[in-house]
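# Structural overview for review
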Amino acid sequence: MWDITLKKGKLSSTLWKGLGGYYSKIPGIDPTCISARWEHWKENPDNVVYLVKKENRTVGWIIYHKATSAIEEIFVSPGEDQPVIRTQAIDALIARESLVSAEILEDDGEKF
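The sections below set out a description of the structure shown in this document. Computed from a predicted structure; not experimentally measured.

Reading the values: the criteria
Residues numbered from 1 in each chain as written. Predicted model: local features only at pLDDT ≥ 70, side-chain atom pairs only at ≥ 80, totals over all residues. Heavy atoms only, no water. Phe/Tyr/Trp six-rings, centres within 6.5 Å; stacked < 30°, edge-to-face > 60°. Helix = DSSP H or I, 4+ residues; strand = E, 2+ residues; numbered from the N terminus. Buried < 20%, exposed > 50% of the residue type's maximum accessible area, 1.4 Å probe, protein only. Expected span 1.5 Å × (residues − 1). Contact = heavy atoms within 4.5 Å. Pairing = 2+ DSSP bridges.

### Here's the deal with the packing of aromatic side chains
Overall, the coordinates contain 5 aromatic pairs when judged by the stated rule. Ring centres of Tyr 22 and Phe 75 lie 6.2 Å apart, and the angle between their planes is 70 degrees; this geometry places the pair in the edge-to-face category. Highlighted residues: Tyr 22 in helix α1 (residues 13–24) and Phe 75 in strand β4 (residues 70–76), separated in sequence by 53 residues. Given a relative accessible area of 29%, Tyr 22 falls into the partly exposed group. One aromatic cluster in this structure is built from Tyr 22, Tyr 23, Trp 61 and Phe 75.

### What to know about α1
A rise of 1.5 Å per residue sets the reference length of α1, with its 12 residues, at 16 Å; its end C-alpha atoms lie 16 Å apart and thus fit the reference within 8%. Check the buried side of α1 and you find it contacts α2 (31–43), β3 (57–65) and β4.

### Regarding the pairing of β4
Burial analysis of β4 places 7 of its 7 residues in the buried class, the great majority of the element. Where β3 and β4 come together, 6 bridges link them in antiparallel fashion. Each residue of the ladder has a partner; that of Tyr 64, found in β4, is Ile 71. Hairpin geometry of β3 and β4 is characterised by an intervening segment of 4 residues between the two adjacent antiparallel strands and by a positive phi of about 55 degrees at Ser 69.

Written as structure tokens, this is what we have:
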């Protein structure tokens, strides 16, 4: 059994701030990149936002594209156990969506 559960959520100001802080620390990332991705996520009805919950606390988010079974973003709050939360969140997504697997975008492969 997982320590992590998923709950449907929405694109929130908390997520926006977290992503902005995360990407601003990566050299070479244009600040408009996250804005463009954010707009894409808002406009695409196939995207679902899941809150990653641990003991009723939101510890991260998954932006999942249902039509392609692709994880577009996983963001784990700073200070949390990043590898463990990510792995458990992906496992919870696979179980919730009844998937055999979930695809991580090629460009994001280094993060995982």
